[in-house]
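# Remarks on the overall topology
In case you want the letters, here they are:
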Amino acid sequence: MAPHPTKRFITTLATLAGVSLFAIVAAGCMAPAPSAPPGDCAAALAYLSAHEAPGFVSYCPHDAGGNAAETVVPPQQTNNPGAVTGVIYISDTHCAIAYENEAANSHGHLVPDATGDGNYQWVWPAPFDPYGRCTT
């Protein structure tokens with residue numbers, strides 16, 4: 001049985017963190033987004049629509065693996081490593097920090113998978129979850 005994609009992302013993140021953190025910051029991919037007021041799914045989805053990276057689809061309300069929100073980028077084969085498809089799940093719309101973080105987290109980048117299988121792995125942006133944690 002193949003490892004769960006989330007575990008694979010965490011392993012990839014740990015392996016590539018040193019190189020990727022510098023590359024993302026140096027490339028200027030992380031511009032601060034304006035703060036969002038807490039609200040309902042319409043507010044969360046509107047914020048994400050304006051601030052998430054192209055290629056992401058957002059769902060609200062949706063289970064986020066026990067978190068207030070979650071960004072998922074599956075391994076993908078692509079001819080254009082600049083093009084990514086991913087999903088953002090919003091569970092807690094009362095904490096604007098949750099969807100602010102996921103919008104920011106969607107601005108990572110793809111790198112060739114170390115296995116040489118033709119897939120690309122997602123490298124999370126730095127800082128990860130730049131707005132902190134929900135306190136509720």
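Below, the structure is looked at part by part. Per chain, residue numbering runs from 1 following the sequence as it is written. The predicted nature of this model means local features are confined to residues of pLDDT at least 70 and side-chain atom pairs, given and counted, to a pLDDT of 80 or more, with totals for whole chains, interfaces and linings taken over all residues. No hydrogens and no water enter the side-chain calculation; it runs on all heavy atoms of the structure.

### Concerning the pairing of strand E6 (residues 119-123)
Taken across its five residues, E6 has four buried, putting it largely inside the fold. Following DSSP output, two strands are said to pair if at least two bridges run between them. Only DSSP runs of H or I with at least four residues qualify as helices, and only runs of E with at least two residues qualify as strands; both kinds are numbered from the N terminus onward. Here strand E3 (residues 76-77) pairs with E6 via two bridges, running antiparallel. Its bridge partner being in E6, Gln77 is matched across the sheet by Asn119. Looking at chain direction, strand E5 (residues 109-112) and E6 are connected through four bridges and run antiparallel. The residue bridging Leu110 from the neighbouring strand is Trp122, located in E6. Between the antiparallel neighbours E5 and E6 lie six residues, among them Gly116 with a positive phi of about 75 degrees. Classification of residues uses two cut-offs on accessible area relative to the type maximum, computed with a 1.4 Å probe and protein chains only: under 20% is buried, over 50% is exposed, and between them is partly exposed.

### A word on the nonpolar core
Here, nonpolar core means buried Ala, Val, Leu, Ile, Met, Phe, Trp, Tyr and Cys residues that are tied together by side-chain atoms lying within 4.5 Å of each other. Counting 20 residues, the largest nonpolar core has Leu48, Phe56, Val73, Val84, Ile90, Tyr99 and Trp122 as its most contacted members. Where this core is concerned, the elements lending two or more residues are helix H2 (41-51), strand E4 (86-90), helix H3 (96-105) and E6. The residues contacting Ile90, other than those within four sequence positions of it, are Ala44, Leu48, Tyr59, Cys60, Pro61, His62, Ala68, Ala69 and Tyr99. By definition, residues are in contact when any of their heavy atoms lie within 4.5 Å.

### A look at the packing of aromatic side chains
Two rings from Phe, Tyr or Trp (for Trp, the six-membered ring) form a pair when their centres sit within 6.5 Å of each other. Planes less than 30 degrees apart are called stacked, planes more than 60 degrees apart edge-to-face, and all others tilted. Counted by the stated rule, this structure contains five aromatic pairs. Here Trp124 and Phe128 contribute two aromatic rings whose centre-to-centre distance is 5.6 Å and whose plane-to-plane angle is 80 degrees, an arrangement assigned as edge-to-face. The class for Trp124 is buried, based on a relative accessible area of 8%. Using a relative accessible area of 45% as the deciding quantity, one classes Phe128 as partly exposed.

### Quick look at the sheet that holds E6
Judged by pairing direction, the sheet is antiparallel, and its three strands sit side by side in the order E3-E6-E5 without closing on themselves. Looking at the sheet topology across the chains shown, the edges are occupied by E3 and E5.

### Topic: H3
Among the ten residues of H3, nine are classified as buried, and the element is accordingly described as predominantly covered. Every buried residue of H3 is listed here: Ala96, Ala98, Tyr99, Glu100, Asn101, Glu102, Ala103, Ala104 and Asn105. Those residues of H3 hidden inside the fold are in contact with H2, strand E2 (69-72), E4 and E6.

### Regarding the sheet that holds E2
Spatially, the three strands line up as an open sheet ordered E1-E4-E2, and their pairing is mixed. In this open sheet, the two edge strands, each paired with only one partner strand, are strand E1 (56-59) and E2. On average, each strand axis in the sheet is tilted by 15 degrees relative to the strand beside it, whichever way the strands run. Lines fitted to the C-alpha atoms define the axes, with helices restricted to the stretch that makes contact. Angles between their N-to-C directions range from 0 to 180 degrees. Along the sheet, H3 contacts E2 and E4; its crossing angle with E2, the most-contacted strand, is approximately 15 degrees.

### Description of the state of the cysteines
Simply put, the disulfide is a covalent bond whose two ends are the sulfur atoms of two cysteines. To count as a disulfide, a pair of cysteine sulfur atoms needs to be within 2.5 Å. If you walk through the whole model with that rule in mind, you get two disulfides. Residue Cys41 pairs covalently with Cys60 via a disulfide, S to S 2.1 Å. Its torsion about the S-S bond being -75 degrees, the disulfide of Cys41 and Cys60 is classed as left-handed. Here Cys60 lies in the loop between E1 and E2 and Cys41 lies in helix H2, a separation of 19 residues in the sequence. Considered together, Cys41 and Cys60 belong to a single accessibility category, that of buried residues.

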